[in-house]
Amino acid sequence: MAESLSAMDSSDEEEYYEASASFPDPCCEEGKIHPSAPQPDHVPPPGEVTVLYTEPETVSLGFPPTKNSAGYRLQLDYSSETHSSSLTVDDSSPVKVDGLIPGTEYTFRITRTADNGNQSKAASLSVFTEPIPPVQITVDQVCSESLSLQWDTPAGEVESYIVTCCSEADVVQETTDTNKMTFYNLKPGECYSLEVTTKLRNGRSSRPTVTSANTKTHLESLLEDLGLNHHDEEKLSLSTVLSIDKNTITDEPAKCNSDLPWYILKKLMMVNVTARNVKCTSVCEPNPGDHLDLDNLDKSTDSGDTLNPLDIITALFLCSDGFVQQEMALKMSMCQFSVPLLLPNCDTKQCTLMLWAMRDIVKKYRPLSLSQSKGFIEQRIVVSELPMISFVRLGECSLSKSEILNKLLSNSQQYHDTFVHSNMEGGDSPRRISNGLVEMTWYLPCGNKNMDVFSEPVAVANLRGDIASFETQFAFLCQTSAAVFVFFDALDSECELLTNQNHKAQIFLVGNHQNKGFRVDAVKKVATKLGLTDSNIVSKKKRMNDADFVKLLQKKVSNAIQNSKMKMGIEQMSAIAHELGILVDEDSRECQTAKKNADAITEEIQDILNYKEDQLPLQGQIWKDLTRLEKEEFRLRKVGSENIEKYKSDLQLQKIKLREKQNSYDMSKAMTCFINAISSPEKERCYFLKWLRMNLDNVSREKLSDLREQYKEKCKNSENKEEIKKIDQQLSNCSLGTEHFFREMGQIYEASLSLLETHPARQQLQHLPKLCAQLMLDGFPLELVDGDASNIPLRWVSDVLSQLNDLVSPKNKILVVTVLGVQSTGKSTLLNTMFGVQFAVSSGRCTRGAFMLLIKINEDVRKDFNCDFMVIIDTEGLKSPELAQLDNSHEHDNELATLVVGLSDITIINIAMENSTEMKDILQIVVHAFLRMKEVGKKPKCQFVHQNVSDVSAHDKNLHDRKLLLQQLNEMTQAAAKMEKKEENMSFTDVMEYSPDTGNWYIDGLWHGKPPMAPVNAGYSEAVYELKKNIIHMLESCGSSANNILEFTEWMKSLWNAVKQENFIFSFRNSIVADAYIRLCTEFNKWEWDFKKEMYTWVTQAETRISNFGTAADKSKISDMSELLILLKNEALTELSKWETTILGNLEEYFKQTEGSCPSC
């Protein structure tokens, strides 16, 4: 701003910066106008001109008044380097000049003009307009240690900008001639004030423009790099993780850091042991040329952008809800990866005990004490009281603690990377957020002393980072561990961190004598202060290799386990965590309320069978009787000679009475609590069902364990047959899961439908189907077929699906994938691996019935599939030993198989090689049923999965077997077609879509090594992934036939009614047996006719003899009627005996003739 020629009023000008005005005219001094000497007839000059104020686009000038200004006007000519203009005004003060360019020097030439045209001498003045402060400052590219800002260039003669960045502790000032600036070496998570000032060529500056910005914390920065920043608040849910999107079946490697979390999750959900091997393809290796360039051999090709897998795993746990965390921990445990015990948050400096995340991990093992009896222990790992051995680092350490730990836990036959270490892919990258992480794993023996590293189970914890920086975690480990092994290079002889701790654990010092910083005297001083003996000092001697060092450590750990009585479950550790200010993930209100509700239900269970009868009465014998009546209504097996309509009417009355009996029960305490709990808000409801499932599994597992022990004892004495049979029955009936509660809820609902619509009880239960539909969207399965009663509660399932349709409409199209197989062939495990879901496996009870589960199809692939959801149906194992003793076991299996195959677009037939015959039998019945049932208009696609086949040549070597399988299936189909009088040349592929070349998959065994320490076989995961890709591509081709949910419901009803009407074929093991039965019946009918004809002739003759008795026609010499009757009886017996012998002889001849051609007979 310019300073006036006369002294300006300071109060008016306080807001302006120093300014100057100048005259280029030689007769003027800078900043002053000297009027010319008065001359006659001349116009007086303007006089002393004052710059009143300046603004970016305005200058205000003041002039002294003249004695006679009425006849004068003022002429102002002004110009800059790029702009010139003029202005004529009345001779009065002040004069305001607008439309100027900010921050620019203007030269004003001012003359006074009379009315007659005479002009005064000109006065000149230089003025700078006020510079504009920088506008629209934008802060972008904010990182944890840097931030960049830019702004619009203001108008005017700008020379440079002064940019200041300051926090409470630091001030940094930089000058730049561009409109952008980046500050480096800032503190993470700090608030910085940013000022930008415009500086002109003359040295004058504008007022500063001020803004502020926060640098990102290390966590925020990493989450942004990983594309997870919006999940810091809105946590990842299971429905998001398990949904099918374009990345589900892509084989493209991760191209950028934001791909890495999804890459890990995708592999982890499929239990792939390569899940942690992550690196972006953008970090490319240069193509080696044809020339030799040894100078570049020592240059790193890594850009330094590679992320440490531990950081990504930590970020995923921090960004996931409790259910995803639980699923991740379970899958990591199956891969034999370490799982987080204490999860750090580097922003809040807090860590969390991951108790809930590990709740679902169940482990089986055989300690040395049970090796002779071949017994085992199966328990949730969080309640298992095991000694814990912790490994920590103090200061720098030249030994790779985690790699040593991996060797410590691996037997000589098989090494496995349980912990991430520096020699793994990405393991040498600096950790950004995972320091302070405590990981945990378990060594569990198999009972074989030649294979077991430790004969007793032990938990192993590993703290990442220096204990000097993470004293809380170190204190926690010292109070929960049986022993703590402290790795170090150089030890401070004072070492207060070790000596001040409240140690419940034994301390072992682990040093590297091969390191130059190792000092024996310092170790001795610390050992003396801690009261340690030589056995507590472990040193890697100068000529000791890793193998010998690991053996030494294994011996020390074994001794620590044997000598310590300190055993603690993770559940018990929560009390110590609370004392140390460590958060516990189970402490949330929703989780605790849900636990309380689940405990209220399960704490009442003493005897499972009695509990089910008392608390879940509607699904017992009443429901089985209803099922029997429903099927009899369709099949009319027992109608006999009775009038059919009357028979049906009687059946209806019996059904009504059973429904009345169901309605007569008051709702039990357990069911009231259950319905109230699932009516709670979504998060609490999901926690409740998880708690209930885990509690019920614990009860069933405990009961099964007791029954197995009793069974073993009773089997030692062959005289205990009745008791063994009783225990066997108890083993079958001790199953109790959440499905039983949903089943009861379905029966309560169905029974209420028999009441009047206005009945209060019916009104109160109308919301139940919607609740169940919402649970399906949350990822919980719906029981489609009740495996105990072998029936579908049609009204209940239909109403649930109808409510589901209302919730998702118009996005309601579905495609169905089903798995079928003989019991214990790994069907549920296959589905869990393929889709990341969690159907019940190995909880002491196998799947019963059929369960359907929804998986969402994401928007990005919805057009390819032409559907919105994939429905997965898991079925119970067919040919189960428990049901084999029942008369209707074939019927149960065949009905179930026909139903689920009929509902599916793709059927996976799961075959273990040893039970392929049973599956062929089932398939024959399915095909035969399809031929008999007019309602089946579908042609399901069929995929055969052969489990436990690891040979790479299996596909080629089994070409003959595949052709033989198809040939057998074709023969079965032809036999069925012949029986049903269909076209004779019908083949299996006319009923089900199947190709021997593309419809067979050979899958490796599940475990790589001997459990419990064996990880899931990578070959198994990869083979299942290939199958999954194939199924999804097949579903894309099925898209045009996708049904909406209501169409699926109608299809299910008609198909189940058709199954119930099938009165004949389901009773047979397979079609060939049924065909043999028909042919035998034909022959037997002939023999029966001959027998009846002969007996009819004899009866006629006997009647004649009785009529003629005592008359002339009677030629017998018998005089007594009673004697005649005795004679006739003897003759009848002789005749019957003769025909019995004849028919049995015919049967023997028949079977001799058909033997070979009818192997199933």
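Residues numbered from 1 in each chain as written. Predicted model: local features only at pLDDT ≥ 70, side-chain atom pairs only at ≥ 80, totals over all residues. Heavy atoms only, no water.

Colleague: Quick question: what am I supposed to make of the packing of helix α4 (residues 309-318) against helix α5 (residues 322-334) here?
Modeller: When two helices pack together, their arrangement is captured by the angle between the axes and the distance separating the axes. Contact geometry of α4 with α5 gives a least axis separation of 9 Å together with a crossing angle of 145°. Considering only the axes of α4 and α5, their crossing is left-handed. Contacts between α4 and α5 involve I313, L316 and F317 on the former and, on the latter, Q325, M328, A329 and M332. Here the contact of α4 with α5 is built from residues that sort into six nonpolar, one polar and no charged. (Axes fitted to C-alpha atoms, helices over the stretch in contact; angles between N-to-C directions. Helix = DSSP H or I, 4+ residues; strand = E, 2+ residues; numbered from the N terminus. Left-handed = near helix turned anticlockwise from the far one by under 90°. Contact = heavy atoms within 4.5 Å. Nonpolar A, V, L, I, M, F, W, Y, C, P; charged D, E, K, R; others polar.)

Colleague: What is the right way to look at the pairing of strand β16 (residues 350-353) in this model?
Modeller: Within a regular beta strand, the side chains point alternately toward one face of the sheet and then the other, so they alternate between its two faces. In the sheet, strand β15 (residues 339-345) pairs with β16 via four bridges, with the strands oriented antiparallel. The residue bridging N345 from the neighbouring strand is Q350, located in β16. As consecutive antiparallel partners, β15 and β16 are separated by four residues, and within that stretch K349 has a phi angle of approximately 60°, a positive value. Of the pairings in the sheet, the one linking β16 to strand β25 (residues 583-584) comprises two bridges and is parallel in character. Of the residues in β25, the one forming a bridge with L353 is V584. (Pairing = 2+ DSSP bridges.)

Colleague: Help me out: how do you make sense of the side chain of E744 in this one?
Modeller: The residue E744 is located in helix α19 (residues 738-752) in this model. Despite its burial, E744 pairs with no opposite charge; the closest candidate is R743, at 7.9 Å N-O. Within the structure, E744 has its side chain in polar contact with the backbone nitrogen of L618 (distance 3.0 Å). Once residues lying within four places of it in the same chain are set aside, the contact partners of E744 are Q615, L616, P617, L618, Q619 and M671. (Buried < 20%, exposed > 50% of the residue type's maximum accessible area, 1.4 Å probe, protein only. Lys, Arg positive; Asp, Glu negative; His and termini not counted. Salt bridge = Lys/Arg side-chain N within 4 Å of Asp/Glu carboxyl O. Polar contact = N/O pair within 3.5 Å; in protein donor to acceptor, adjacent residues only side chain to side chain.)

Colleague: Explanation requested: the packing of aromatic side chains in the structure shown.
Modeller: What characterises a pair of aromatic rings is the spacing of the ring centres plus the angle enclosed by the ring planes. By the definition in use, this model includes 19 aromatic pairs. Taking the centre distance of 6.2 Å and the plane angle of 90° together, the rings of F323 and W356 count as edge-to-face. Within this pair, whereas F323 is found in helix α5, its partner W356 is found in the loop between β16 and β17 (362-365), the two being separated by 33 residues in sequence. An angle of 85° between the planes, with centres 5.5 Å apart, marks the rings of Y443 and F454 as edge-to-face. Of this pair, Y443 sits in strand β20 (residues 438-443) while F454 sits in the loop between β20 and β21 (458-466), and the two are 11 residues apart along the sequence. (Phe/Tyr/Trp six-rings, centres within 6.5 Å; stacked < 30°, edge-to-face > 60°.)

Colleague: Help me understand the confidence of the model for the protein in this model?
Modeller: On average, the protein scores 82 in pLDDT, and the residues at 70 or more come to 86%. Contacts of residues 883-887 to residues separated by more than four positions or lying in other chains number five contacts, the stretch itself having pLDDT below 50. In the predicted structure, residues 1155-1161 sits below a pLDDT of 50 and forms eight contacts with residues beyond four places in sequence or in another chain. (pLDDT = per-residue confidence, 0-100.)

Colleague: Which parts of the structure should I look at to understand a nonpolar patch on the surface?
Modeller: A cluster of nonpolar side chains, contributed by I1106, M1121 and L1125, occupies part of the molecular surface with about 220 Å² of accessible area. Relative to the assigned elements, L1125 resides in helix α33 (residues 1121-1154). Using a relative accessible area of 40% as the deciding quantity, one classes L1125 as partly exposed. (Patch = residues over 30% accessible without salt bridge, like charges linked within 9 Å, V, L, I, M, F, W, Y side chains within 5 Å. Areas by Shrake-Rupley, 256 points an atom, 1.4 Å probe, with all protein chains shown as cover.)

Colleague: What's the story with the nonpolar core in this structure? I'm lost.
Modeller: Soluble globular proteins: nonpolar side chains tend toward being buried together. Within the largest apolar cluster, 158 residues are counted, with the highest numbers of intra-cluster contacts made by W442 and L498. Ranked by the residues each element gives to this core, the list is headed by helix α30 (residues 1018-1038), at 10 residues. Those residues in contact with W442, other than ones at most four positions away along the chain, are V339, M358, I361, K363, I381, L386, V458, A459, I570 and M1013. Membership of the second largest hydrophobic core comes to 98 residues, among which are C591, L616, I911 and W1051. (Core = buried A, V, L, I, M, F, W, Y, C linked by side-chain atoms within 4.5 Å.)

Colleague: I tried to follow unusual backbone geometry on my own but got confused; where do I start?
Modeller: Residue P810 follows S809 across a cis peptide bond; omega there is 5°. Turning to its location among the elements, P810 is positioned in the loop between α22 (794-808) and β27 (813-821). A cis amide bond links P1011 to the next residue, P1012, at an omega of 10°. Of note in the backbone geometry, Q141 takes a positive phi value of approximately 50° without being a glycine. Structurally, Q141 is set in the loop between β8 (135-140) and β9 (147-152).

Colleague: Before we go on, may I ask you to explain the sheet that holds strand β11 (residues 171-176) in this structure?
Modeller: Pairing between the strands of a sheet comes from backbone hydrogen bonds, and it takes one of two forms, parallel or antiparallel. Strand order in this open sheet of four strands is β11-β10-β13-β14, and the pairing throughout is antiparallel. Looking along the sheet, the strands with just one partner apiece sit at the ends: β11 and β14 (209-214). Taken pair by pair, the neighbouring strands of this sheet meet at an average axis angle of 20°, ignoring direction. In terms of strand pairing, strand β10 (residues 158-166) meets β11 through six bridges, oriented antiparallel. Within β11, the residue paired with I162 across the bridge is T175.

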